[in-house]
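This is what each chain is made of:
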Amino acid sequence: MRIVLLGGDGIGPEVMAESAKVLRALIPGIELAEHPLGAAAIESDGDPLPPATLAACLASDGVLMGAVGSDAYAWSARNPEDGMFELRRQLDVYANLRPFHAPGVDLMIVRELIGGLYFGARGTRPDGTVFDTCEYHPDQVRRIVRKGFELARARGGRLTSVDKANVLATSRLWRSTAVELAREFPDVALDHLLVDTAAMKLVQDPTQFDVIVTENTFGDILSDVAAAIAGGLGEAASACLTDDGPGLFEPVHGTAPDIAGKGIANPTAMIRSTAMLLEHGLGLPLQAGRLDDALDRAIATTATPDRGGAATTAELGDAVLAQLERTEVGDVL
Ligand code: NAD
Ligand code: IPM
Ligand code: MN
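Residues numbered from 1 in each chain as written. Chains lettered and ligands numbered in written order. Predicted model: local features only at pLDDT ≥ 70, side-chain atom pairs only at ≥ 80, totals over all residues. Heavy atoms only, no water.

Draft legend 1. Here's a closer look at the domain arrangement of the chain. In terms of domain boundaries, the chain breaks down into domain 1 (1–93 + 242–333) and domain 2 (102–235). Across the boundary between the two partners, domain 1 contributes 14 residues, which contact 13 residues of domain 2. Both sides of the domain 1 and domain 2 interface together cover about 1300 Å² of buried area, and 59% of this is carbon and sulfur. Remark: the boundary between domain 1 and domain 2 carries 2 salt bridges. Of all elements in the fold, only α4 (80–91) and α9 (268–281) reach the threshold of two or more residues within the side of domain 1 that touches domain 2. Element by element, the count of residues in the side of domain 1 that touches domain 2 is highest for α4, at 3 residues. In the side of domain 1 that touches domain 2, the residues fall into 5 nonpolar, 3 polar and 6 charged. (Domains from an automatic or database assignment. Contact = heavy atoms within 4.5 Å. Buried area = accessible area lost by both parts, 1.4 Å probe. Salt bridge = Lys/Arg side-chain N within 4 Å of Asp/Glu carboxyl O. Helix = DSSP H or I, 4+ residues; strand = E, 2+ residues; numbered from the N terminus. Nonpolar A, V, L, I, M, F, W, Y, C, P; charged D, E, K, R; others polar.)

Put into structure tokens, the structure is as follows:
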């Protein structure tokens, strides 16, 4: 098994080191290849997504990414985030699964990841007007909404499609696609929410949701809202999946410049994303469960400052390792 590790920038490499530790413990002999991405890659290769990084990702069995972004290059023509967008697009990881857990809450946000405002035409007109365009082809909408239905069918049987159909043409396409696909999923209860109302309801009572499916920008914003009600950004993980090819597994959080370099970032989101790699990327659900359980036990007693404790990033990673050692592979395989 060949896994590519893209630490990226800021706290990215700090939390990635903990994922590397647990992967080596779980799968002795696993091949882990580190490559630069983002600002680190601009500095090493003059390109936020060097061709060698992209080639390694395309040839891998799965990619783990920390985070990218840096004030130093934020306004560059091709900035660190552009490298990540290009990677997401090249891997065709259109389905971004973002699970959130809290007492009574078991929510999955399914975010479309390679369309909409992020990838539409943008520019400046002669009069100085600046524009970004939100575009979706019907096929793009159909495949992500279908993914939402499939996940809802396998979980609690409820799908909430979030849009802004009272304003946007792309949202009307989104809503009519959901209505059309619902005929294929009579066992799934579909409802629709406007995104502003969805944000309010998420804060008011997140227990009412099962699966939310939504477009790129809405999903980005709603997932930080959901993170706030489920342990904070330090705990929110994600899997970016395509239909046939390696997935990209990344925390929801960014490079956290305010705490980078201090060794106190919470590695939970990164380690949970590693469990998602084991489950969705490598087809090892038992090992994923074993890692999730070890992490649950570790965070019950060891907390980084964002969770009110004083543990370092490495101490939490070591606590996960210690918990892993208490269960043998044979216990779950
Ligand atoms: P951020 O997620 O980096 O940080 C927001 C807040 O959450 C900060 O106070 C930070 O300290 C805290 N936080 C985040 N992750 C944490 C962790 N693991 N442990 C403890 N605390 C944590 O968001 P931002 O500050 O708006 O963005 C900083 C940079 O990160 C920007 O350049 C942005 O573009 C980039 N970013 C990248 C990704 C990604 O690569 N997928 C995601 C989000 C933001
Ligand atoms: C995320 C991040 C990125 C996004 C940023 C860094 C461009 O916020 O993965 O949620 O919006 O996709
Ligand atoms: Mn985000």
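That shown, we press on.
Draft legend 2. How the structure looks around the sheet that holds strand β5 (residues 105–112). Sheet architecture is open: 10 strands sit in the order β2-β1-β3-β12-β11-β4-β5-β10-β8-β9, paired in mixed fashion. With one partner strand each, in any of the chains shown, β2 (31–34) and β9 (189–194) form the two edges of the open sheet. One ladder, built from 3 bridges, connects strand β4 (residues 95–102) with strand β11 (residues 239–241); its direction is antiparallel. Each residue of the ladder has a partner; that of leucine 97, found in β11, is alanine 239. (Pairing = 2+ DSSP bridges.)

Draft legend 3. Quick look at the site of ligand 2. All residues in the neighbourhood of ligand 2 are listed as Glu81, Met84, Phe85, Arg88, Arg98, Arg111, Tyr118, Asp220, Glu250 and Val252. Between arginine 88 and ligand 2, the recorded distance is 2.8 Å, taken from a side-chain N or O atom to an oxygen atom. Arginine 98 places a polar side-chain atom, nitrogen or oxygen, 3.0 Å from an oxygen atom of ligand 2. In the complex, the protein chains occlude 77% of the 320 Å² of accessible area that ligand 2 would expose alone. (Near = heavy atom within 4 Å. Polar contact = N/O pair within 3.5 Å; in protein donor to acceptor, adjacent residues only side chain to side chain. Areas by Shrake-Rupley, 256 points an atom, 1.4 Å probe, with all protein chains shown as cover.)

Draft legend 4. How the structure looks around the side chain of glutamate 235. Mapped onto the fold, glutamate 235 is located in the loop between α8 (216–228) and β11. Within the structure, the side chain of glutamate 235 is placed 3.0 Å from the side chain of arginine 307, a separation counted as a polar contact. Beyond its immediate stretch of four places on either side in the chain, glutamate 235 contacts Ala230, Asn266, Thr268, Ala269, Ile299 and Arg307.

Draft legend 5. The packing of aromatic side chains, seen in detail. In this structure the tally under the stated criterion is 4 aromatic pairs. Judged by centre distance (6.0 Å) and plane angle (70°), the rings of phenylalanine 85 and phenylalanine 119 are edge-to-face. Of this pair, phenylalanine 85 sits in helix α4 while phenylalanine 119 sits in the loop between β5 and β6 (122–124), placing them 34 residues apart in sequence. Classification of phenylalanine 85 as buried rests on a relative accessible area of 17%. On the basis of relative accessible area, phenylalanine 119 is assigned to the partly exposed category, the value being 28%. Geometrically, the ring pair formed by phenylalanine 149 and phenylalanine 185 is stacked, given 4.8 Å between the ring centres and 15° between the ring planes. Of this pair, phenylalanine 149 sits in helix α5 (residues 138–154) while phenylalanine 185 sits in the loop between α6 (169–182) and β9, and the two are 36 residues apart along the sequence. (Phe/Tyr/Trp six-rings, centres within 6.5 Å; stacked < 30°, edge-to-face > 60°. Buried < 20%, exposed > 50% of the residue type's maximum accessible area, 1.4 Å probe, protein only.)

Draft legend 6. Structural context of the site of ligand 1. Taken together, 22 residues sit near ligand 1, with Val68, Glu81, Gly254, Ala256 and Asp258 positioned nearest. Histidine 253 places a polar side-chain atom, nitrogen or oxygen, 3.4 Å from a nitrogen atom of ligand 1. Interatomic distance of 2.8 Å between a backbone N/O atom of glycine 254 and an oxygen atom of ligand 1. Residue assignment for the shell around ligand 1 shows that the elements contributing at least two residues are β3 (62–67) and α4. Of the residues contributing to the shell around ligand 1, the split by class is 11 nonpolar, 7 polar and 4 charged.

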